[in-house]
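Descriptive analysis of the structure
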Amino acid sequence: MRLGRYDNPYKCVSFTSIDPAVEQESVVLEAADGGLCGGTLYTKGQHKTVVCFMHPKADMSRHYAIAALVDAGYAAFGQNSRWLNNDELCVHENLLLDVAAGVRFLRQRGFENIVLCGNSGGGSLYAFYIAQSVTAPPGRLTQTPAGDYLDLNSYELPPVDGYINLAAHLGEGKILMMMIDPSVTDDNDPLSCDPSLDPFNPDNGFHQPPESSRYSPEFVARYRDAQRARVARLDAMAREKLAQRSEARQQLGQPDFGKRPWNERAAALRGSVVCPYMIVYRTEADLRMFDLSLDPSERDAGSLFSYRPDLTNYMEFGFARVQTPRAWLSTWSGLSSNADVVTNAGKISVPSFVIYYRGDNAIYPSDARAVFEAIAATDKQLASAPGDHYGFGVGTQERSGAPQALKQITGWLSERFAK
């Protein structure tokens, strides 16, 4: 029984070879709030334009597009966030300061043009950054969705010159709200299930891939409403945990706190710093993964990761599986996160290029069109290429689609930015 879609998932975002003549400079950067991030700058001589990659969690220092960009005459910067390989604590508002540190570093290196290329989760991160960078103080955000103080008006967010949205979703919260399994009846029990909402119940229209499922419009509408309701329930859970911590902190300021019994003081002190975790079960259940008639494309049936999502949906791995309340609200909540491409795209006026893979099992044609239509820039283009989310031929282990996407990206760059 084959569960995984890829024999070697580690090659999905990395290149396998690069010209030995390419100079690689690895750097550690300190953001304005003291957070540490880093990355690798790839150059081959002198360049006027650099293309940047960053993701909230994934390693972008060896992104598969870098070699092609450098071969085409551009510098490339693969940046990693302070939460590399760990989005359990990821607060997007802090990540904007990591992006700013990268942009500042590149300006200091003398680059005239900085183009942000957001792939997958990087698309919403970069859109969020651009939107806040062009918002004049005091109009920027002053707190996170969890209510923590973070005044972006007090930080320098250097502007950039271009935006590429490469196989990027509408935001981690938005994609999760389409992928989360609403048949969960008890968020503390991964096996709890309402059969009438179970996307893998044949009575609801499920067929085992490679056969396409067939869900009725009524089921789809009910399913989407239930997904939104589950996210709202998780939001309430996160806010309840944060309220408990806030209440404990208030106790510390009471005039009689020092005179209270030791056990009361200890409980308040510990409660004021505790960081409870949320476990979010079953997040691999977007109906479009199984029913190929929904948002039609060249994809095959199955999820981003698996041909057996009816099983992998229940495994320990998955989007947003373990989260602090802060991270849930800032990153993975489709109702609370500020990292929403469509909302932020209204402030993107720099030249923009949106490109998607036609066989993608996670980002669909309607997602790409929504991003394109929302971008405020007058100079914008929408394009597509064959392949799955990582640019592999659909159902293959060969990255045959990515070269076609990268050829379009370098062509778009060459028409607008000097090398």
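Above: the structure in question.
Reference entry: report on the structure contained in this document. Keep in mind that what you see is a predicted model, and the values were worked out from it rather than measured.

We now examine the packing of helix 4 (residues 172-179) against helix 9 (residues 325-332). Contact geometry of helix 4 with helix 9 gives a least axis separation of 7 Å together with a crossing angle of 95°. It follows from the interaxial angle that helix 4 and helix 9 lie roughly perpendicular. Note on element contacts: helix 9 touches helix 4 through W328, T331 and W332, opposite E172, G173, I175 and L176. Of the residues assigned to the contact of helix 4 with helix 9, the class counts are four nonpolar, two polar and one charged.

On inspection of all chains with the given rule, the structure shows 22 salt bridges. A salt bridge links R82 to D33, with the nearest nitrogen and oxygen atoms 2.9 Å apart. In this pair, R82 sits in the loop between strand 4 (75-80) and helix 2 (92-108) while D33 sits in the loop between strand 1 (23-30) and strand 2 (36-43), placing the two residues 49 residues apart along the sequence. The class of D33 is partly exposed, set by a relative accessible area of 30%. Ionic pairing is found between R230 and D187, a salt bridge with its closest N-O pair at 2.9 Å. In this pair, R230 sits in helix 5 (residues 217-252) while D187 sits in the loop between helix 4 and helix 5, placing the two residues 43 residues apart along the sequence. Across this residue pair, the class does not change: R230 and D187 are buried.

Moving on: the side chain of R224. Inspection of the secondary structure puts R224 in helix 5. For R224, the side chain forms a polar contact with the main-chain oxygen of M178, separated by 3.1 Å. If sequence neighbours within four positions are ignored, R224 has contacts with M178, D286, L287 and R288.

Every buried residue belonging to helix 11 (residues 365-374) is among P365, D367, A368 and V371, and all of these are buried. The buried residues of helix 11 occupy an angular sector of 165° when projected down its axis, which confines them to one face. Summarising the contacts, the buried residues of helix 11 are in contact with strand 6 (162-166), helix 7 (287-290), helix 10 (341-345), strand 9 (352-357) and strand 10 (380-385).

What follows covers the packing of aromatic side chains. Considering all chains together, one arrives at 13 aromatic pairs under this definition. Three or more aromatic residues joined by ring pairs make a cluster, and in this case those are F305, F317, F319 and W332. When the ring centre of W83 is taken as reference, the NZ or CZ atom of R82 above it lies at 5.6 Å. Lying over the aromatic face of Y64, R399 brings its terminal NZ or CZ to 4.2 Å of the ring centre.

Counting residues in each nonpolar core, the largest one holds 48 residues, and the members touching the most others are F77, L106, Y129 and Y163. With nine residues, the single largest contributor to this core is helix 2. Setting aside chain neighbours within four positions, we find L106 in contact with L41, V50, C52, F77, F111 and I114. The next biggest cluster of nonpolar side chains, apart from the first, holds 35 residues, and it includes F200, L304, L329 and Y364.

Within this structure, the stated rule accounts for zero disulfides. The structure places no disulfide on C90, whose sulfur is separated from the nearest cysteine sulfur, that of C37, by 13 Å. Accessibility expressed as a relative area gives 0% for C90, which makes it buried.

Taken in spatial order, the eight strands of this open sheet run 1-2-4-3-5-6-9-10, and their pairing is mixed. Each of the sheet's edge strands pairs with one partner strand only, and the pair in question is strand 1 and strand 10. Going across the sheet, the axis of each strand differs from the next one's by a mean of 20°, ignoring polarity. By the bridge criterion, six bridges tie strand 9 to strand 10 in an arrangement that is parallel. Pairing of S352 across the sheet is with K380, part of strand 10. Seen against the sheet, helix 3 (residues 121-133) touches strand 3 (49-53), strand 5 (113-119) and strand 6 and runs at an angle of roughly 140° to strand 5. Sheet strands touched by helix 11: strand 6, strand 9 and strand 10. Its angle to strand 10, the strand with the most contacts, is close to 165°.

The end-to-end C-alpha distance of helix 6 (residues 262-273), which contains twelve residues, comes to 17 Å, matching closely the 16 Å that a straight helix rising 1.5 Å per residue would cover. Within helix 6 the residues assigned to the buried category are A266, A268, G271 and S272. Tucked inside the fold, the buried residues of helix 6 contact helix 5.

Time to look at the packing of helix 4 against helix 5. Close contact between helix 4 and helix 5 brings their axes to 8 Å; oriented N to C, the two are set at 125°. One finds that helix 4 runs oblique with respect to helix 5. Helix 5 is crossed by helix 4, and the crossing has right-handed handedness. Packed against helix 4, whose contacting residues are M177, M178 and M179, the element helix 5 presents R224, Q227, R228 and V231 at the interface.

A few words on the environment of A327. In this fold, A327 is placed in helix 9. Through-space distance from the C-alpha of A327 to that of M278 is 9.7 Å; in sequence the pair is 49 residues apart. What A327 contacts, discounting residues up to four positions off in sequence, is D87, E88, L89, C90 and W332.

So, on to the side chain of D291. Residue position: D291 is located in the loop between helix 7 and helix 8 (309-312). At a separation of 2.6 Å, a polar atom in the side chain of D291 contacts the side chain of S293. With residues up to four places along the chain from it excluded, the contact list for D291 reads S212, S213, R214, Y215 and R299.

Cut-offs and rules
Throughout this description, residue numbers start from 1 for each chain and increase along the sequence as written. For this predicted model, a pLDDT threshold of at least 70 governs which residues receive local features, and a threshold of 80 or more governs which side-chain atom pairs are given and counted, while totals over whole chains, interfaces and linings are taken from all residues. As a rule here, side-chain values cover all heavy atoms of the structure and leave hydrogens and water aside. The axes used here are C-alpha line fits, helices contributing only the stretch in contact, and every angle between their N-to-C directions lies in the interval 0 to 180 degrees. Only DSSP runs of H or I reaching four residues or more are called helices, and only runs of E reaching two or more are called strands; each is numbered from the N terminus. Our angle categories are set so that under 35 degrees counts as roughly parallel, over 145 as roughly antiparallel, 65 to 115 as roughly perpendicular, and the remainder as oblique. Here a residue-residue contact requires only that any non-hydrogen atoms of the pair lie within 4.5 Å. Ten residues, namely Ala, Val, Leu, Ile, Met, Phe, Trp, Tyr, Cys and Pro, are considered nonpolar, four, namely Asp, Glu, Lys and Arg, are considered charged, and the remaining ones, Gly among them, are considered polar. Here, a salt bridge means any side-chain nitrogen of Lys or Arg that lies within 4 Å of a carboxyl oxygen of Asp or Glu. Partly exposed describes any residue whose relative accessible area lies between the buried limit of under 20% and the exposed limit of over 50%, with all areas from a 1.4 Å probe on protein chains only and scaled to the type maximum. By the criterion applied in these results, polar contacts are pairs of N or O atoms within 3.5 Å in which, for protein atoms, one can donate a hydrogen and the other can accept it, and in which residues neighboring in sequence qualify only through two side-chain atoms. Throughout, the arc means that of the directions going from the helix axis to the C-beta atoms. Note on ring pairs: Phe, Tyr and Trp rings are taken, using the six-membered ring of Trp, and paired if centres are within 6.5 Å. Classes follow the plane angle, with under 30 degrees stacked, over 60 edge-to-face and the rest tilted. The criterion is that NZ of a Lys, or CZ of an Arg, lies within 6 Å of the ring centre and within 35 degrees of the ring normal, and then a charge sits over that ring. The nonpolar core is taken to be a set of buried Ala, Val, Leu, Ile, Met, Phe, Trp, Tyr and Cys residues, with the residues joined through side-chain atoms within 4.5 Å. Two cysteine sulfurs form what is called a disulfide whenever their separation falls within 2.5 Å. We treat two strands as partners when DSSP finds at least two bridges between them. To estimate how far a helix should reach, multiply one less than its number of residues by 1.5 Å. Each helix crossing is assigned a hand: it is left-handed if the near helix lies turned anticlockwise from the far helix by less than a right angle, otherwise right-handed if that turn is clockwise.

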